Every structure is written in structure tokens, then in C-alpha cells.
Amino acid sequence: MAVVTILSEDKTLTDIDEITATLANHGINYERWTPAHPIGDNTPPEEILNAYSREIEDLKQRGGYVTADVIDVSPMTPGLEEMLAKFNREHWHDEDEVRFIIAGHGLFHIHSSSGAVLAIEVEAGDLIRVPRGTLHWFNLCSDRRIRTIRLFQDTAGWTPHYTKSRVDENFLPVCFGSAHLSMAS
Ligand SMILES: [Fe+2]
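Residues numbered from 1 in each chain as written. Predicted model: local features only at pLDDT ≥ 70, side-chain atom pairs only at ≥ 80, totals over all residues. Heavy atoms only, no water.

## Thoughts on the overall build of the chain
Across its full length, the chain carries five helices and 12 strands. Taken over C-alpha atoms, the radius of gyration comes to 16 Å for the chain, in line with the 16 Å a tight globule of 185 residues would show. Here the C-alpha coordinates of the chain stretch approximately 40 × 40 × 35 Å along the principal axes. Taking contacts inside the chain between residues at least 6 apart in sequence as the whole, the part at least 24 apart equals 73%. (Helix = DSSP H or I, 4+ residues; strand = E, 2+ residues; numbered from the N terminus. Rg over C-alpha atoms; globule rule 2.2 N^0.38 Å. Contact = heavy atoms within 4.5 Å.)

Okay, structure coming up:
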């Protein structure tokens, strides 16, 4: 499950209801999805889309998304650093950023319109929807891997627009993980 940190309040959330409600207050949708049939980290994309077809169709109806695909990023991905450098600075899109995590980890920072910055660490089973226009940035965690389903309204709308605020430089891209937190408590 995701771990959410509200950095200005030094507060970490690990309860699903609290996470869902807090993110909703900042305009971010969060859900947990369970596959219709068992899938693994390396299940082919068609099987993954099939296993989550009910949830994907539901989300398409709600959000006007027309296509879904599966992307895989790992330390073996050619041009990984260049790719990450596009998304680890504060930006927004003209398109919602919708990600359902199949494997690996990722760290979204959301710069809410309230001024608060939230760190959302995601893992397998997490669905996050960052609405168009929301200021955010993204980093991988130490496993340098993330495999996700993406949904699009219009792929052309997914170009990053940078704020050049450099707000992102004030926040360490560190993932802690739910396992780490439970060990610490
Ligand atoms: Fe983005």
C-alpha cells in the first residue's frame, strides 16, 4: 500500500482510509485494485490489461480515457536517466497522469494548490490519478523499477510543462517503504 507524507506537517499516513481521504482533499484519486486472476511481475501486458479490465473500463468511463497500456521501467531501460530527468522536476500536464502499479516502486511529489507538498510512495496494487494541471514531480525508488498501467485521454497531452520553480530541490527523493515503517514502529 502507498505511504503518504505531508512534509510541512512532518506527518506520515499508512492507513488506507486516511490516505484516500487526505489525497482526495488535495484533488488526487487513490484506489487499491485486486486482479480478477493471479498475475506476476512479468505477466505479459495483454494478460495484465485483461486481469484489470473491469477497473480499467470503469476508470475510462469516469475519466474519459480512451486507451490503456503497460510500461516497464528498470535499470536495463535504455536512456533511463534521461527519461527520469524529464519527470523529476516540477511540472504539469494538459492530461491526467493515471498510473496503476504492477511491480516496483515510485515516488510522486504533489505540490497542492493549498501550498502543501505531499510525498506519495506507490507500490504494486496502488492506483493514483493526478489531474491535469496539478504540479508534481516523480522519482524512482532504490529498486529503480516500476511497471505500470497507464490510461490516456489523449497521448499528445502528456508533454511535461515545467514551472522552473526549483521547489523539487527542497525535497529529498527518498523512499522509505511500508516494510521499513513497520520495522521502525
Ligand atoms: Fe508527470
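Alright, that's what it looks like, and here's the rest.
## Concerning the sheet that holds strand E9 (residues 126-130)
Across the sheet, five strands lie side by side as E3-E9-E6-E11-E4; this open sheet has antiparallel pairing. Edge positions in the open sheet fall to strand E3 (29-32) and strand E4 (67-73), since each of these has one partner strand only. Ignoring which end each strand starts from, the neighbouring axes of this sheet average 20 degrees apart. In this structure, E4 lies alongside strand E11 (residues 146-152), joined through seven bridges in antiparallel fashion. In the strand pairing of E11, Asp-72 is matched with Arg-147. (Pairing = 2+ DSSP bridges. Axes fitted to C-alpha atoms, helices over the stretch in contact; angles between N-to-C directions.)

## As for the pattern of salt bridges
Enumeration over the complete set of coordinates arrives at 12 salt bridges. Asp-69 serves as the salt-bridge partner of Arg-150, at 2.8 Å between the closest nitrogen and oxygen. A residue pair is termed long-range when its members are at least 10 positions apart, and Arg-150 in strand E11 and Asp-69 in strand E4 qualify at 81 residues. Note on Asp-69: relative accessible area 25%, which makes it partly exposed. The structure contains a network of salt bridges with shared partners spanning Glu-31, Asp-58 and Arg-62. (Salt bridge = Lys/Arg side-chain N within 4 Å of Asp/Glu carboxyl O. Buried < 20%, exposed > 50% of the residue type's maximum accessible area, 1.4 Å probe, protein only.)

## Some points on the coordination of the iron ion
The protein atoms that coordinate the iron ion are His-91 (NE2), His-93 (NE2), Glu-97 (OE) and His-136 (NE2), at distances of 2.1 to 2.2 Å. Here the iron ion is ringed by four donor atoms whose angles at the metal span 83 to 167 degrees, and the overall shape comes out irregular. (Donors = N, O, S within 2.8 Å, 3.2 Å for Na, K, Ca; no water. Tetrahedral: all angles 85-135°; square planar, octahedral: opposite > 155°, others 65-115°.)

## Topic: the layout of surface pockets
If you add up the space inside the largest pocket, you get close to 280 Å³. Taken together, 15 residues line the largest pocket, and the ones lying closest to its centre are Ile-71, Phe-87, Arg-99, Phe-138 and Trp-158. Of all elements in the fold, only E4, helix H4 (80-87), strand E6 (97-104), strand E10 (135-140) and E11 reach the threshold of two or more residues within the lining of the largest pocket. Taken as a whole, the second largest pocket holds about 230 Å³ of empty space. Around the second largest pocket, the lining is made up of 13 residues, and of these Thr-5, Leu-7, Ala-119, Val-174 and Phe-176 lie nearest the centre. Counting residues per element, the ones that place at least two in the lining of the second largest pocket are strand E1 (3-6), strand E7 (106-111) and strand E8 (117-122). Counted by class, the lining of the second largest pocket contains nine nonpolar, three polar and one charged residues. (1 Å grid on protein atoms, 1.4 Å probe; cavity = no way out; pocket = protein on both sides within 12 Å on 5 of 7 lines; lining within 4 Å. Points joined across faces, edges and corners; volume = space filled by probe spheres on them. Nonpolar A, V, L, I, M, F, W, Y, C, P; charged D, E, K, R; others polar.)

## Notes on the side chain of Thr-43
For Thr-43, the position within the fold is in the loop between E3 and helix H2 (45-51). Within the structure, Thr-43 has its side chain in polar contact with the backbone nitrogen of Gly-40 (distance 2.6 Å). With residues near it in sequence (within four places) discarded, Thr-43 still touches Ile-48 and Arg-147. (Polar contact = N/O pair within 3.5 Å; in protein donor to acceptor, adjacent residues only side chain to side chain.)

## Observations concerning the environment of Asn-88
Along the polypeptide, Asn-88 turns up in the loop between H4 and strand E5 (91-92). Separated by 57 residues in the primary sequence, Asn-88 and Glu-31 have C-alpha atoms spaced 23 Å apart. Those residues in contact with Asn-88, other than ones at most four positions away along the chain, are Trp-137, Phe-138, Asn-139 and Asp-168.

## A closer look at the state of the cysteines
In this structure the tally under the stated criterion is one disulfide. Note on cysteine connectivity: Cys-141 is disulfide-linked to Cys-175, with sulfurs 2.0 Å apart. Handedness here is read from the sign of the S-S torsion; for Cys-141 and Cys-175, about -80 degrees, the answer is left-handed. Taken together, the positions of Cys-141 in the loop between E10 and E11 and Cys-175 in the loop between strand E12 (161-162) and helix H5 (178-184) put the pair 34 residues apart, joining distant regions of the chain. With relative accessibility at 7%, the residue Cys-141 sits in the buried group. (Disulfide = S-S within 2.5 Å.)

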